[in-house]
Amino acid sequence: MSYKSIIVNLAVDAPPAAIVKVGVELAERFGARLIGLAAADVPPLVATGHGMVYEGEVMQIQRTEIEKQLAELRAEFERLVPASISSEWGQDVCSPTRFLSVSARAADLIVTGGHDRENVYRAVDIGSLALGTGRPVLVAASNVEHVLAKTVLVAWKDTREARRAIADALPFLARANEVVVATVGTDRHESIRDSLADIAVFLEHHGVMARTELITGEADGDRLVAFARSVHADLIVSGAYGHSRLREWAFGGVTRTLIQESGINRMMSY
């Protein structure tokens, strides 16, 4: 198994060079086609001296500015991607999360930075992306240019999402120097150890030698991230756990922490 088509998402308000270099390096590593995407939208309401109103002229000015920014991102993407890599570009003036979610049908892996989740008109909502695309989402740490994935921590929980995440991450796991499969929790029941052992055997059948760890304590994201740092992991693989959707996804504590964490690369599947 390998990734044959990789999407790299460029945000209109973030310097593009680092995330494009991440995409280029991964495309070279896996022999994949690289698809650069960028989108931003015009908010439906604008503030004036009379309150929040629809203002067609102002919205057209904003749209023109977005189109200019997208053209600049395309030029930078095409400048940074070497001719040896098969690549293409896509852009639109629309919700970046929706645009990326629809475009994900053409890719095996989505690569993005951790952007401002509060401005959904100009940056992707990582949580909605992870839960809605049906593709693994690799969120690069801040300002990194290479996702080496030499030491990978798999956050294990015996759920559909975690099983999916491990299967989606196999191309990374197969190339890692060390893979650690860890569960955080207070339950030391034998079934937990059995599930860890089963995953180790599953990975061994795929040529991945992994060690397992049962981390005692409450299952929270901070404890998981601290353990990742203690083993010098440069990639955390996990399922994405959503509980309900009203205006937005409400996440379990571990997923929420991983979405907000910017100091380590994270790969999430749902």
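**Observations concerning the overall build of the protein chain**
Consideration 1: For the protein chain, the count of helices and strands is nine helices and 14 strands.
Consideration 2: Buried positions account for 51% of the 270 residues belonging to the protein chain.
Consideration 3: Within the protein chain, residue pairs in contact and separated by at least 24 positions form 78% of the contacts whose partners lie at least 6 positions apart.
Consideration 4: Carbon and sulfur atoms provide 49% of the accessible area of the protein chain, an area that totals close to 12800 Å².

**Overview of unusual backbone geometry**
Consideration 1: Backbone geometry places Asn143, a non-glycine residue, at a positive phi of 65°.
Consideration 2: Of note, Asn143 is situated in the loop between β7 (137-140) and β8 (151-155).
Consideration 3: With a phi close to 55°, Ala149 is a non-glycine residue in the positive phi region.
Consideration 4: Looking at the secondary structure, you find Ala149 in the loop between β7 and β8.

**A short note on the nonpolar core**
The nonpolar side chains of soluble globular proteins are, as a tendency, buried together.
Consideration 1: Counting 55 residues, the largest nonpolar core has Phe172 and Leu173 as its most contacted members.
Consideration 2: Top element by residues in this core is helix α1 (residues 17-30). It accounts for seven residues.

**Remarks on the sheet that holds β7**
Consideration 1: A sheet is described by the order of its strands in space; here 10 strands give the open sequence β5-β2-β1-β6-β7-β14-β11-β8-β9-β10, paired in mixed fashion. In the strand order of this sheet, the two ends are held by β5 (87-93) and β10 (210-216), each with one partner. Across the sheet, the axes of successive neighbouring strands diverge by a mean angle of 20°, strand direction being ignored.
Consideration 2: As judged from the seven bridges shared by strand β2 (residues 33-40) and β5, these two strands associate in the parallel manner. Looking across to β5, one finds that Ile35 is bridged to Glu88.
Consideration 3: Where helix α9 (residues 253-260) meets the sheet, its contacts fall on β11 (235-239) and β14 (265-269), and the angle it forms with β14 comes to roughly 135°.

**Notes on the pattern of salt bridges**
Consideration 1: Counted by the stated rule, this structure contains 13 salt bridges.
Consideration 2: With a closest N to O distance of 3.4 Å, Arg63 and Glu67 form a salt bridge. Here Arg63 and its partner Glu67 are both found in helix α2 (residues 56-80), four residues apart, which amounts to about one turn of the helix.
Consideration 3: The class for Glu67 is partly exposed, based on a relative accessible area of 35%.
Consideration 4: Overlapping salt bridges, with partners in common, bring together Glu178, Arg211 and Glu213 in one network.

**So, the environment of Thr151**
Consideration 1: Along the chain, the position of Thr151 falls in strand β8.
Consideration 2: Expressed as a C-alpha distance, the spacing of Thr151 and Ala228, which sit 77 residues apart in the sequence, is 9.3 Å.
Consideration 3: In contact with Thr151, not counting residues within four places along its chain, are Glu178, Val231, His232, Ala233, Asp234 and Leu235.

**Concerning the environment of Asp125**
Consideration 1: The residue Asp125 is located in the loop between β6 (109-113) and α4 (126-132) in this model.
Consideration 2: Residue class for Asp125 comes out buried when judged on its relative accessible area of 8%.
Consideration 3: Note: C-alpha distance between Asp125 and Gly114 (11 residues apart in sequence) is 8.8 Å.
Consideration 4: In terms of polar contacts, Asp125 uses its side chain to reach the backbone amide nitrogen of Ser128, at 3.2 Å.

Cut-offs and rules
- Residues numbered from 1 in each chain as written.
- Predicted model: local features only at pLDDT ≥ 70, side-chain atom pairs only at ≥ 80, totals over all residues.
- Heavy atoms only, no water.
- Helix = DSSP H or I, 4+ residues; strand = E, 2+ residues; numbered from the N terminus.
- Buried < 20%, exposed > 50% of the residue type's maximum accessible area, 1.4 Å probe, protein only.
- Contact = heavy atoms within 4.5 Å.
- Areas by Shrake-Rupley, 256 points an atom, 1.4 Å probe, with all protein chains shown as cover.
- Core = buried A, V, L, I, M, F, W, Y, C linked by side-chain atoms within 4.5 Å.
- Pairing = 2+ DSSP bridges.
- Axes fitted to C-alpha atoms, helices over the stretch in contact; angles between N-to-C directions.
- Salt bridge = Lys/Arg side-chain N within 4 Å of Asp/Glu carboxyl O.
- Polar contact = N/O pair within 3.5 Å; in protein donor to acceptor, adjacent residues only side chain to side chain.

Honestly, it's all geometry; don't read function into it.
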